[in-house]
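So the chains spell out like this:
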Amino acid sequence: MDVSGVPGPEQWSRVKKRLRAELGEDVFSSWFARVDLESRGPDGTVCLSVPTRFLKQWIQSHYRDRLINLWQSECGDINRIELTVRGAVRARPSVVAQAASQGGVATAGSLKSSVGEARAVSVPDMMQARSFSAGQMRTPEPANQSAIVSDVLEGAALDPKYTFSTFVEGRSNALALAAARQVAGNGPVTYNPLYLHASVGLGKTHLLHAVAAEARNSGRKVLYLTAEHFMYRFVAALKSQSALAFKDTLRGIDLLLIDDMQFLHGKQVQQEFCHTLNSLIDGARQVVVAADRAPAELETLDDRVRSRLAGGLVVGIQTPDYELRRAILANRTRQVAAAHPNFAMPDGVLDYVASNVTANGRDLEGALNRLVAHNQLTNQPITPEMAELTLRDLVRTHEPRRVKIEDIQRVVSKHYNVSKPDLLSARRTRTIVRPRQIAMYLAKMLTPRSLPEIGRRFGNRDHTTVLHAVRKIEELVKNDPALAQEIELLKRMLDS
């Protein structure tokens, strides 16, 4: 083997093929699509080039050892990987790409000559070059980086109605409200991160918006993002090669709020979020996170992220009791009456709605809006009879609702953040197997379907597979109160 020259492009292609198979297409495309092989020295060093410093640092930190192992499987004498940044001054494709494009395997001498010619190109000539080889991206103009930073600083929109003054306190949310007020103030950072979790419509987003609004009024640098916004901006920063500016922007703020954490997907995005979280917390900057369940139950999150989130103050918001539901309705009624002087809501109707619309505050808001619209559009007074007729689909009846297997699959898929095709597939990763078993268990408990029929509805599985899933969940429920509570929540969601 000739160790003095550059290995043939087929060796680098095999290394990349194995990387793609091990890491997956998404991760490979994010970190290795723009890595080029430059040269190989007689001392067992392989030189690879990347377009940005951020990419160089990331690969060095996370993939250096893996790259060395893969190269050693191709060339036993390789013992070191050197990464260089080609940046904006590299106007010619790598020498290996040149050799491949010429349709033959280059000799060591010709490749050395090509390397020499590439180094002889003047800096002004290279700076003027505009086209790159396939798979490379042009280095963004400074204006593009400024646009990315500006976009990040804007954050997601805040609802002006969501303030502390409009949040109704009750026993189920008192601790969450007190913690939110604490972190919104200018005092020392005490609870970091603050993690709020609750089912839909119980006030998580309201509290996050209220914290952001009050902190901004006190002059602090505040950034509110949903997990979806965070992912979108991070991927955009990677594609525009402005990831460093993106990271510096996030780490220069005083208060970061992330909503809907359960939707944060992608290994590299989660790793970057974890680095940002560590940087902010270590720098005594406040972080507030909201999700639909506790950190330990977010199985799609990286273990380090879950551990960091659980290390702060974790507060759950429970379903509102009758007193809180009644208070929410009374508060909203006062707001409507202030806008419509002739509006009147009898106490008996408020009692009826508070007693029968029990799921969450969002349903209460919807019920009241229906009554107000009926009153304003028809000029008919609001009476208990009219309320019962108008809200019949929101009010839970004593007759149990017939649950379909499709409903179970839909609710379980949404709750555990897995797609329905994954639920029905042959994949056996833990994040999919457990939701699939729970869905089968619920199908057996809540529907009259037989085991063979349930198996057919879950990807043509054998009835013994369904029976195993049912027995497995039954056994776990006996010894795991958290799982038992979670299954009860799913049943309530299916019954609502």
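Residues numbered from 1 in each chain as written. Predicted model: local features only at pLDDT ≥ 70, side-chain atom pairs only at ≥ 80, totals over all residues. Heavy atoms only, no water.

**So, the overall build of the protein chain**
Secondary structure assignment for the protein chain yields 24 helices and 8 strands. Across the 496 residues of the protein chain, 46% fall into the buried class. The long-range share in the protein chain, meaning contacts at least 24 apart out of those at least 6 apart in sequence, stands at 75%. Here the protein chain displays about 24,600 Å² of accessible surface, and carbon together with sulfur accounts for 51% of that area. (Helix = DSSP H or I, 4+ residues; strand = E, 2+ residues; numbered from the N terminus. Buried < 20%, exposed > 50% of the residue type's maximum accessible area, 1.4 Å probe, protein only. Contact = heavy atoms within 4.5 Å. Areas by Shrake-Rupley, 256 points an atom, 1.4 Å probe, with all protein chains shown as cover.)

**Observations regarding the environment of Arg181**
Residue position: Arg181 is located in helix H9 (residues 174–184). For Arg181, a relative accessible area of 42% puts it in the partly exposed group.

**What about the sheet that holds strand E8 (residues 313–316)?**
Reading across from one edge, E5-E6-E7-E4-E8 is the order of the 5 strands in this open sheet, with parallel pairing throughout. At either margin of the open sheet sits one strand with a lone partner, and together these are strand E5 (222–226) and E8. When the angles between neighbouring strand axes are averaged without regard to direction, this sheet yields 15°. Bridge analysis of E5 against strand E6 (residues 255–259) gives 5 bridges, and the strand direction is parallel. Across the sheet, residue Leu223 finds its bridge partner in E6, namely Leu256. (Pairing = 2+ DSSP bridges. Axes fitted to C-alpha atoms, helices over the stretch in contact; angles between N-to-C directions.)

**Quick look at the packing of helix H11 (residues 227–239) against helix H13 (residues 267–282)**
Packing of H11 against H13 brings their axes to within 10 Å, and their N-to-C directions diverge by 100°. If you check the angle between H11 and H13, you find them roughly perpendicular. Between H11 and H13, the residues in contact are Phe230, Met231 and Phe234 and Gln268, Val269, Glu272 and Phe273, respectively. When grouped by side-chain class, the residues that make up the contact of H11 with H13 number 5 nonpolar, 1 polar and 1 charged. (Parallel < 35°, antiparallel > 145°, perpendicular 65-115°, else oblique. Nonpolar A, V, L, I, M, F, W, Y, C, P; charged D, E, K, R; others polar.)

**Regarding the side chain of Arg436**
When you line up the elements, Arg436 lands in helix H21 (residues 430–446). As a buried residue without a salt bridge, Arg436 has its nearest oppositely charged side chain in Asp422, at a separation of 7.1 Å. In this structure, Arg436 is in contact with Asp422, Leu423, Ser425, Ala426, Arg427, Phe458 and Arg461, ignoring residues within four places of it in sequence. (Lys, Arg positive; Asp, Glu negative; His and termini not counted. Salt bridge = Lys/Arg side-chain N within 4 Å of Asp/Glu carboxyl O.)

**Some details on helix H12 (residues 243–250)**
Most of H12 sits inside the fold, with 6 of its 8 residues counted as buried. Within H12, the full set of buried residues consists of Ala243, Ala245, Phe246, Lys247, Thr249 and Leu250.

**Overview of the pattern of salt bridges**
Oppositely charged side chains can form a pair if their charged atoms are brought close together. Enumeration according to the criterion identifies 17 salt bridges in this entry. Across the salt bridge formed by Arg80 and Glu82, the nearest N and O atoms sit 3.5 Å from each other. For Arg80, a relative accessible area of 40% corresponds to the partly exposed category. Its relative accessible area of 31% is what places Glu82 among the partly exposed residues. Residue Asp254 pairs with Arg285 through a salt bridge whose shortest N-O separation is 4.0 Å. Pair noted here: Asp254 is in the loop between H12 and E6 and Arg285 is in the loop between H13 and strand E7 (286–291), with a separation of 31 residues, a long-range link.

By themselves, these are just geometric observations and shouldn't be taken as functional.
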